[in-house]
Amino acid sequence: MSESFPRLSARTRRFTLGVPRGFTISPDGGRVVFLRSKSGDDPVTCLWELDTETHVERLVVDPRALDADEEDLPREERARRERSRESAGGVVAYATDATVTRACFALSGGLYVADLAGGQAYRLDTPGAVIDPRLSPDGRHVAYVTGGALRVQDVLSGADRALATPESQTVTYGLAEFIAAEEMDRMRGYWWAPSSDALLVERADEAPVNVWHIADPANPDRPATVQRYPAAGTPNAVTELFVLGLDGSRVAVPYSEEYLTTASWDSHALSIVTMTRDQKTMRLLSVDPATGATTLVREDTDPAWVDIVTGVPAHLDDGSLVWVASADGGHRLYVGDHPVTPPTLQVRAVLGVDHDSVLFSASGDPTEIQLWTWDGHSLLPVSTRSGVFSGRMSGGVGVLTEQSLDTEGVSATVVKRDGTAVPIPSFAERPGLDMRVSLGRSGRRDLATAVVLPSWHEQGSGRLPVLMNPYGGPHAQRVLNQRSIFLESQWFAEQGFAVVVADGRGTPGRGTAFERAVLNDLATPALEDQVDALQGVAEQYPDDLDLTKVAIRGWSFGGYLAALAVLRRPDVFHAAVAGAPVTDWRLYDTCYTERYLGHPDEQPEVYEKSSLFADASKLERPLLLVHGLADDNVVAAHTLRLSSALLAAGRRHSVLPLSGVTHMTPQEVVAENLLLLQLDFLKQALA
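Participant: Quick rundown of the overall build of the chain? Include the residues and the values.
Facilitator: Looking only at helices and strands, the chain has 11 helices and 44 strands in total. Dimensions of the chain, computed from the C-alpha atoms along their principal axes, are close to 70 × 55 × 55 Å. The 687 residues of the chain split such that 59% are buried. The long-range fraction of contacts in the chain, counting pairs at least 24 apart against all pairs at least 6 apart in sequence, stands at 59%. Put simply, the chain shows about 26400 Å² of open surface, and 49% of that area lies on carbon and sulfur atoms. Taken together, the 62 basic and 91 acidic charged side chains of the chain have centroids lying 4 Å from each other.

Written as structure tokens, this is what we have:
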């Protein structure tokens with residue numbers, strides 16, 4: 001008997017193991033370094049190198065050969081992986097010098113350096129467990145964080161010293177604070193100078209942040225985990241910047257805004273990007289590393305919020321600024337002071353700058369993410385097929401990754417200067433599902449919608465119970481031309497459901513007006529659009545959907561939306577599974593929540609409108625609440641408080657607590673049985 005999909009999905013970390021990722025191209029384009037495990041069920045990630053001339057692939061680092069115990073991770077590294085949603089082990093991150101001849105990485109708290117030419121890796125002695133090591137551009141030094149201190153070691157001599165030591169237990173140097181990592185996609189807290197003689201370093205002090213306690217009720221003999229959590233309306237960590245020289249110098253870089261969104265240091269400028277607490281103003285500042293003085297380069301404002309875009313700021317060879325900003329209803333690429341993309345092409349990220357060319361991802365159709373270049377004169381499409389693409393570019397060589405509904409898994413290809421394509425094999429397992437996904441538009445707002453039917457269903461032969469399977473929240477999509485995103489939906493469809501996935505207002509890819517429709521109300525537009533999409537699909541498939549049996553399931557914001565659906569629209573939704581739901585936005589973090597709802601002290605009525613507690617007495621449909629008790633992102637208090645409100649209102653519901661499980665649910669047994677339990681619940685609820 002073949003292995004079930006739930007078990008296979010759990011064992012392969014949702015089919016992500018064995019997929020090549022984390023690409024670095026050498027400046028001459030001759031080599032590509034990347035990460036990949038040895039098989040589709042091997043959770044130990046290795047470091048590899050591909051010679052683009054000979055097409056020969058070589059294993060550089062196998063963590064098992066280094067006898068590194070993957071379970072022995074420092075607390076800060078576990079937190080970093082949770083923030084980055086990293087479910088694998090081994091070499092999950094690395095950094096190289098400017099010429100890509102050396103690489104450094106952390107394994108089980110140890111510091112390692114690999115000679116990419118010789119293929120040998122060796123461990124360096126450190127005074128403590130290592131977080132986020134990074135080589136200097138010249139490859140002579142490696143910086144890292146241990147015990148909150150930023151240290152630098154000479155790679156050859158082993159001389160090791162601290163450049164900055166925390167003044168108290170709440171202070172760290174060189175690490176991104178919680179908000180930056182969770183909500184700004186900034187996973188680092190220091191940046192090397194191109195000259196390799198100094199670093200820009202973040203100092204974060206969490207003393208003002210409220211102390212929360214994440215208990216483990218299944219093990220009452222263990223103390224609760226103490227966490228500093230900046231809930232909406234409460235203080236954030238205080239961040240500062242310093243230029244630290246290897247000669248012992250220390251120069252403060254003052255800025256007045258609440259948030260440091262990113263920084264970069266290239267041959268043209270030391271740049272920092274800051275954002276006000278209300279997220280309506282973003283400033284790009286140029287820094288004089290000798291004095292710390294800043295000069296305003298650009299200021300962007302928006303009455304709703306400004307968007308953080310990865311990959312910028314950057315510079316062309318002539319020093320021209322590469323930037324992304326919202327203008328004329330779209331997210332546009334700027335080179336210098338001028339937009340070079342039309343407002344109808346929604347720029348997602350800048351992926352690389354190679355001399356005078358910019359590689360970026362963008363969407364014309366929200367279900368597609370295509371690759372484009374700006375070559376200094378014109379826009380050129382890089383990807384020519386339908387799908388979801390990403391990539392890197394350096395030395396005239398590109399690495400392209402491609403996903404689509406027509407192909408399984410992720411395809412990675414090196415494209416050489418002469419156009420020759422060199423594939424990088426993926427070892428990912430095959431899900432073994434016969435996909436039947438149709439992308440389209442539905443409802444009054446022409447919403448991007450996917451309809452997933454059982455492979456065995458003959459259209460028009462009978463009406464199936466419906467399962468809505470959304471995320472539905474801001475800055476995330478579920479309806480893309482990408483097979484992997486619909487694997488769970490297809491499995492549920494095979495169990496007898498017609499699955500409908502819809503991206504409503506707030507989701508990206510359709511311009512700023514569509515995204516900003518959720519300002520001051522995360523509940524009403526999101527729920528209205530799920531109903532609208534359902535009704536639109538029912539009109540398109542009148543003989544295939546049974547609207548008397550409609551369930552909804554989701555995780556995180558999708559869990560919030562699922563609970564919201566049965567509470568406020570029981571006439572439409574007849575059962576819900578709400579996984580790790582946000583139930584009271586006052587309990588969620590500052591940056592995400594205040595971006596959409598403002599400060600709770602200034603707009604309490606906005607928070608009440610988006611909270612679930614006032615609707616507890618309305619519950620009349622089956623509701624299953626699922627929550628990991630070790631979740632430090634959406635803490636279990638969300639589910640427990642909603643359960644208490646439902647109990648106080650005399651409303652029957654079910655709660656499934658997951659002991660020791662975080663927001664990611666990476667454990668194999670949990671991930672497998674969680675799917676099966678949800679299926680059983682939904683079938684019984686709709687019977």
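There is more to say, and it comes next.
Participant: Can you break down the state of the cysteines residue by residue, with the values?
Facilitator: A full pass over the atoms with the stated rule returns 0 disulfides. Left without a disulfide partner, cysteine 104 is nearest to the cysteine sulfur of cysteine 46, which lies 17 Å away. Cysteine 104 gets classed as buried once you look at its relative accessible area, which sits at 0%.

Participant: How would you explain the sheet that holds strand S8 (residues 110–115) if you had to name every residue and give the values?
Facilitator: One open sheet accounts for 4 strands, arranged S6-S7-S8-S9; its pairing is antiparallel. Two strands in the sheet have a free side with no partner beyond their single neighbour: strand S6 (95–96) and strand S9 (120–124). Bridging between strand S7 (residues 102–107) and S8 involves 6 bridges; their strand directions are antiparallel. In the sheet register, alanine 103 faces S8, and the bridge partner there is alanine 114.

Participant: Just give me the short version of unusual backbone geometry, but keep the residues and values in it.
Facilitator: The omega angle of the peptide bond from valine 312 to proline 313 is 5 degrees, so this bond is cis rather than trans. With respect to the helices and strands, proline 313 occurs in the loop between strand S24 (294–301) and strand S25 (314–315). A positive phi is found at valine 100, a non-glycine position, where the angle reads about 55 degrees. Secondary-structure assignment places valine 100 in the loop between S6 and S7. For valine 100, a relative accessible area of 2% puts it in the buried group. With phi around 60 degrees, histidine 355 is a residue other than glycine that occupies positive phi space. Within the fold, histidine 355 resides in the loop between strand S29 (346–354) and strand S30 (357–363).

Participant: Could you give me a rundown of the packing of aromatic side chains, with the residues and numbers involved?
Facilitator: For the structure on display, the rule yields 16 aromatic pairs. When the centroid spacing of 6.0 Å and the interplanar angle of 85 degrees are considered together, the rings of tryptophan 585 and tyrosine 588 count as edge-to-face. Relative to tyrosine 592, the ring of tyrosine 588 lies with its centre 5.5 Å away and its plane at 85 degrees, an arrangement referred to as edge-to-face. For tyrosine 592, a relative accessible area of 7% gives the class buried. Positioned above the aromatic ring of tryptophan 48 is the side chain of arginine 36, whose terminal nitrogen or guanidinium carbon lies 4.3 Å from the ring centre. A cation sits over an aromatic face here: arginine 250 above phenylalanine 242, 4.1 Å from the ring centre.

Participant: Please give an account of the packing of helix H4 (residues 487–494) against helix H11 (residues 668–686) that cites residues and values.
Facilitator: Contact geometry of H4 with H11 gives a least axis separation of 12 Å together with a crossing angle of 45 degrees. For the element pair H4 / H11, the angle class is oblique. Crossing handedness for the pair H4 and H11: right-handed. In this structure, H4 uses Glu488, Trp491 and Phe492 to contact H11, whose residues at the interface are Leu675, Leu676, Gln678, Leu679 and Leu682. Of the residues that constitute the contact of H4 with H11, the class distribution is 6 nonpolar, 1 polar and 1 charged.

Participant: Please set out the nonpolar core residue by residue, giving values where relevant.
Facilitator: By size, the foremost hydrophobic cluster in this structure holds 90 residues, and its most contacted members are Trp323, Leu333, Leu545, Phe573, Trp585 and Leu623. Sorting elements by how many residues they give to this core places helix H7 (residues 557–568) first, with 9 residues. Filtering out sequence-adjacent residues up to four positions away, tryptophan 585 remains in contact with Ala232, Leu522, Phe557, Tyr560, Tyr592, Thr593, Leu597, Tyr607 and Ser610. Counting 37 residues, the second-largest nonpolar core is a separate cluster that includes Trp491, Val501, Ala551 and Val661.

Participant: Talk me through the side chain of threonine 662; I want residue IDs and the actual numbers.
Facilitator: Note on placement: threonine 662 falls in the loop between strand S44 (654–658) and H11. Within the structure, threonine 662 has its side chain in polar contact with the side chain of glutamate 82 (distance 3.0 Å). Setting aside chain neighbours within four positions, we find threonine 662 in contact with Glu82, Gly628, Ala630 and Asp631.

Participant: Can you lay out the pairing of strand S41 (residues 545–555) for me, pointing to particular residues and giving the numbers?
Facilitator: Relative to S41, strand S39 (residues 464–468) is paired through 5 bridges, and the arrangement is parallel. Within the sheet, the bridge partner assigned to leucine 467 lies in S41 and is alanine 551. Bridge analysis of S41 against strand S42 (residues 575–579) gives 5 bridges, and the strand direction is parallel. Note that in S42 the partner of alanine 551 across the bridge is alanine 575. For the crossover from S41 across H7 to S42, the handedness is right-handed.

Reading the values: rules and limits
Residues numbered from 1 in each chain as written. Predicted model: local features only at pLDDT ≥ 70, side-chain atom pairs only at ≥ 80, totals over all residues. Heavy atoms only, no water. Helix = DSSP H or I, 4+ residues; strand = E, 2+ residues; numbered from the N terminus. Buried < 20%, exposed > 50% of the residue type's maximum accessible area, 1.4 Å probe, protein only. Contact = heavy atoms within 4.5 Å. Areas by Shrake-Rupley, 256 points an atom, 1.4 Å probe, with all protein chains shown as cover. Lys, Arg positive; Asp, Glu negative; His and termini not counted. Charge placed at Lys NZ, Arg CZ, Asp CG, Glu CD. Disulfide = S-S within 2.5 Å. Pairing = 2+ DSSP bridges. Phe/Tyr/Trp six-rings, centres within 6.5 Å; stacked < 30°, edge-to-face > 60°. Lys NZ or Arg CZ within 6 Å of the ring centre and 35° of its normal. Axes fitted to C-alpha atoms, helices over the stretch in contact; angles between N-to-C directions. Parallel < 35°, antiparallel > 145°, perpendicular 65-115°, else oblique. Left-handed = near helix turned anticlockwise from the far one by under 90°. Nonpolar A, V, L, I, M, F, W, Y, C, P; charged D, E, K, R; others polar. Core = buried A, V, L, I, M, F, W, Y, C linked by side-chain atoms within 4.5 Å. Polar contact = N/O pair within 3.5 Å; in protein donor to acceptor, adjacent residues only side chain to side chain. Right-handed = clockwise from strand over helix to strand, strands pointing away.

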